[in-house]
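# Architecture and fold: a report
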Amino acid sequence: MWNPYATLESRQKQALAAVTVVVVLALWSGLSLVVGPNKLPAPWSVVSAFIYLAWDADSGSSVLLEATLRSLSRILVSGMLVVSVGVPLGVLMGAAPRINAALSPLLDPFRSAPVVAVLPILIIWLGIGEASKIAFLFMGAVVYLIPMVRDAVQAVPSTYYISARDLGATPWEAIRHSVVPIAMPRIADAIIVSVSVMWTYITVAEYTSNTPGLGNILQRAQRAFAMDQVFVGLIVIIALALVTYQGMLFLKSKLYPWEIE
Amino acid sequence: MSVSVELKGVIQEYPAPEGEGVIQVVGGLNLSYDKPGINMLLGPSGCGKSTVLRMMGGVRPFGVQTPTRGEVLIDDKPCDGPHDDAVMVFQRYANRPDLTVRQNVSFPFRLKLWKERVQPAERERRVDAILEAVGLADKGSLRPAQLSGGQNQRVALARALVLRPRILLMDEPFGALDAQTRDEMQTLLVQLWEQQQCMIVFVTHDVSEALILGDRVTVLSTRPALVADDFTITEPRPRSASWQRSTEGLRLEERILERLHAAGGHGQVRVSV
């Protein structure tokens, strides 16, 4: 039992996980009967709310699908912006102490600033449409990504830089050909964390308007005290976040199979 | 192939780790090499021999002026940083884990300097030849993680020699290898040197290694580093185990150990068998 290095058979692992799920579902069902559906909806009412949101036979449309696609595309657009700004900036800061010293005062306060409080300002500046949502997700994630990329670059052992310089590389060539390629797995980790952060911010980003989105489903359901729909929204967001996380981990293991030395 | 490296009155000081003042690591060192050969630089660990080596056309330490005073001349010209004709091999191989053996060996040709100097066809020829020479011809498509420590050091050696440097600087390159692999690498180095006779300066704290490889052995004292002894060995290589145990071999070993102790080394000296 108490051996952190023991390996389990995958059958055993799955069985233990299944037990946990069953126990949680049972507890959840029991508790929902005790406290009532206004506070905790039963698992089966969450399922029926899911079906209701997933397919509306009258209009022949799916609220949930549209919301999911909208949320996904917001994450995708702001994710690409975050990566294309955050990675180069982080690399520059990691590679040049002067750039780091110059940009740190811009960056460090934001890491501890309540990004959520910035949202109203963004709405005043950019309006209530897509721009403010994208900008909010961007800001929330990029302040995490940049320092992590910088740290990834600085964590590369100096031998690689020195060796490349010794072979005749210019300082920039040594960064480009020796330091950055070795920092890539950690940079990929940083991107994965930032995208996960975006999934937690999506609800906040979509709270403020009536355009479709998963956050919007949550907000409307809360207003209508439809707790079962709130649970559906939560579960879908968690599932999507998990799928993107696992997908990116898989992609990383394919791109950088050499990482485990 | 003519080549010369000359250190004139080289002094190296580092800021003291505690409080003020400076520590003199190298104190007025005069040392010169003027022909191809394997030159061993021996001294207790921490005596500044790596710093001395890096002055001979390698990358200087960051954050401190190197040397503090004195002059370094390569081919009679002052040298203040990495020299095109000098390549260094480190104890840490610095092989890129994401590249194959072959890509690692041809790594220098990704750099502008060598891209301009060596034509593509010539690059391929050189990479083929050096992979063959270090015994990795059939391992070209493997990655560093799939190789042993000795094989990784072969990659690093090949990457240096593919540039045909006139000066090869080796900073305790076999220090992290096990005894048997170290023997193999020493034999390999001798073979490679026969094919490509450059000027090797080889830093070690292993007395046997100095005796097995060296045409010339320079013993440094510690804090500050100065030349404590400097002699040549005429015995042809490869030097057998029986030569090492012969009167001359033992006499030289005794001589080095004596100088090291007289130099007041607080550091460690290794005699491997």
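Residues numbered from 1 in each chain as written. Chains lettered and ligands numbered in written order. Predicted model: local features only at pLDDT ≥ 70, side-chain atom pairs only at ≥ 80, totals over all residues.

### Regarding helix α5 (residues 149–161) of chain B
Residues that lie three or four places apart on an α-helix share one face, since the helix turns once every 3.6 residues. Our working rule: Where helices and strands are cited, they refer to DSSP runs of H or I of at least four residues and of E of at least two residues respectively, numbered from the N terminus. The span you would expect from a helix comes to 1.5 Å times its residue count less one. Residues are called buried when their C-beta atom has 20 or more other C-beta atoms within 10 Å, exposed when it has 12 or fewer, and partly exposed otherwise; all C-beta atoms are positioned from the backbone.
With 13 residues, α5(B) should cover 18 Å at 1.5 Å per step; its first-to-last C-alpha distance of 18 Å lies within 8% of that length. Where burial is concerned, most of α5(B) is hidden: ten out of the 13 residues are buried.

### A word on the confidence of the model for chain B
Which entries qualify depends on this criterion: Per residue, pLDDT measures the predictor's confidence, with a range of 0 to 100.
Residues with a pLDDT of 70 or more make up 96% of chain B, whose mean pLDDT is 86. Scored as a whole, the predicted complex attains pTM 0.87, and scored at its interfaces, ipTM 0.89.

### Remarks on the pairing of strand β7 (residues 167–171) of chain B
Residues and elements named next belong to chain B. We apply this condition: We treat two strands as partners when DSSP finds at least two bridges between them.
Counting buried positions over the five residues of β7 gives five, a clear majority of the element. Alternating residues of β7 divide into Ile167, Leu169 and Asp171 and Leu168 and Met170, and every residue in both groups is buried. Across four bridges, strand β6 (residues 86–89) lies against β7 in parallel orientation. In the sheet register, valine 87 faces β7, and the bridge partner there is leucine 168. In this structure, β7 lies alongside strand β8 (residues 199–204), joined through five bridges in parallel fashion.

### Some thoughts on the sheet that holds strand β10 (residues 227–232) of chain B
All names here are of chain B. Applied cut-off: With axes taken as lines fitted to C-alpha atoms, and helix axes fitted only over the stretch in contact, angles between N-to-C directions fall between 0 and 180 degrees.
Spatially, β6-β7-β8-β3-β9-β10 is the arrangement adopted by the six strands of the open sheet, whose pairing is mixed. Every other strand in the sheet has two partners, leaving β6 and β10 as the edge strands with one partner each. The average undirected angle you get between the axes of adjacent strands in this sheet is 15°.

### Observations concerning the interface of chain B and chain A
Where we set the bar: This entry defines residue contacts through backbone-placed C-beta atoms, with two residues in contact when those atoms are within 7 Å. Residues are grouped as follows: nonpolar covers Ala, Val, Leu, Ile, Met, Phe, Trp, Tyr, Cys and Pro; charged covers Asp, Glu, Lys and Arg; every other residue, Gly included, is treated as polar.
Contact residues are listed per partner, giving 20 residues for chain B and 17 residues for chain A. Elements represented by at least two residues in the side of chain B that touches chain A include exactly β6 and α3 (112–117) of chain B. Broken down by element, the side of chain B that touches chain A gets its largest block of residues, three residues, from α3(B). In the side of chain B that touches chain A, the residues fall into twelve nonpolar, one polar and seven charged.

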